[in-house]
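This is what each chain is made of:
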Amino acid sequence: MATTDPATAGSPPENWPEEVQYLTDLTYSPAVTPDMRNALGRPSTTAESLDKVTRTLVSAPNNGDRVGIRTIASPAHHPALGQRGLFAAADMPPSSFLCLYVGRVHTDAREDTDTRSHYDLSFHQLDKEEFGGGGGLSIDATNCGNESRMANDFYGIADKANAEFRDCLVQVRSDRRREGWKWERRVGIFVCPAGLAAAGARRLGAGKTDGGGAGLKAGEEVLVNYGREYWDSRNMTVHKTSASGT
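Per an unreviewed UniProt entry, the protein is named SET domain-containing protein, and its organism is Apiospora saccharicola.

With respect to the layout of surface pockets
Counted as a void, the largest pocket has a volume near 1,100 Å³. For the largest pocket, the lining is made up of 35 residues, of which D25, V172, R173, E184 and R186 are closest to its centre. Across the lining of the largest pocket, the residue classes tally to 14 nonpolar, nine polar and twelve charged.

Some remarks on the side chain of E147
Checked against the element boundaries, E147 lands in the loop between strand 10 (144-145) and strand 11 (152-153). Buried and without a salt bridge, E147 has R66 as its closest oppositely charged side chain, separated by 7.5 Å. Here E147 is in contact with P13, W16, Y22, N62, N63, V67, I69 and L86, once residues within four sequence places are set aside.

Digging into the environment of A88
You can see A88 is positioned in strand 5 (residues 84-88). Residue classification places A88 among the buried positions, given a relative accessible area of 2%. In this structure the C-alpha to C-alpha distance between A88 and V191, which are 103 residues apart in sequence, comes to 9.9 Å. Apart from residues no more than four positions distant in its own chain, A88 is found in contact with R66, L216, K217, A218, G219, E220 and V222.

Parameters at a glance
Residues numbered from 1 in each chain as written. Predicted model: local features only at pLDDT ≥ 70, side-chain atom pairs only at ≥ 80, totals over all residues. Heavy atoms only, no water. 1 Å grid on protein atoms, 1.4 Å probe; cavity = no way out; pocket = protein on both sides within 12 Å on 5 of 7 lines; lining within 4 Å. Points joined across faces, edges and corners; volume = space filled by probe spheres on them. Nonpolar A, V, L, I, M, F, W, Y, C, P; charged D, E, K, R; others polar. Helix = DSSP H or I, 4+ residues; strand = E, 2+ residues; numbered from the N terminus. Buried < 20%, exposed > 50% of the residue type's maximum accessible area, 1.4 Å probe, protein only. Lys, Arg positive; Asp, Glu negative; His and termini not counted. Salt bridge = Lys/Arg side-chain N within 4 Å of Asp/Glu carboxyl O. Contact = heavy atoms within 4.5 Å.

The structure is reproduced here in structure tokens:
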């Protein structure tokens, strides 16, 4: 009897693109070994400081209590006019968790990477001694993902980002733990902290987010900072590009 991958078992939310597979958690390239996956759940000094997202926040079919997908109809100058965007489904205070960034986890080997992807986010650096030179894992949401892939860059829409990519830990099932759960590394989208530039935030590229700090109101578009390297790697400047939510 065939089993269903828990990461692909969720029902897509409203306005989800038919050509993209909806996920509730990460899927993995065959090049990502079991040892690489296990490394995501190992405790570390860095991990101790990360936000913890309980399983109740990530176990639902989708993230509809916190975010939703809309087709952008206004204003006329919006860079992603006619495309999809991510919007707050309720009032969300500063630093609130919105959703995980999920997709296909792959190694940084050239043959395992889609160099044309606009949805590839650096995820985890592997230990150099354990993995023969290290390297990294990234999450590509081009062909599979969740609501997070609809988050647009703030440029041309607002003065600064109101949300950020942030490393976090989530509870995942573990047959080896007595309680049946363990903490494992992920990347999530969070509302920017109150009154602070999010110096340690993660994005689609390097650099720092501007930090919104005022929280989100229901119906407000969730806007992140892709970072200068995101645009530079595509030989673009923010003056030439539109947001990538599609």
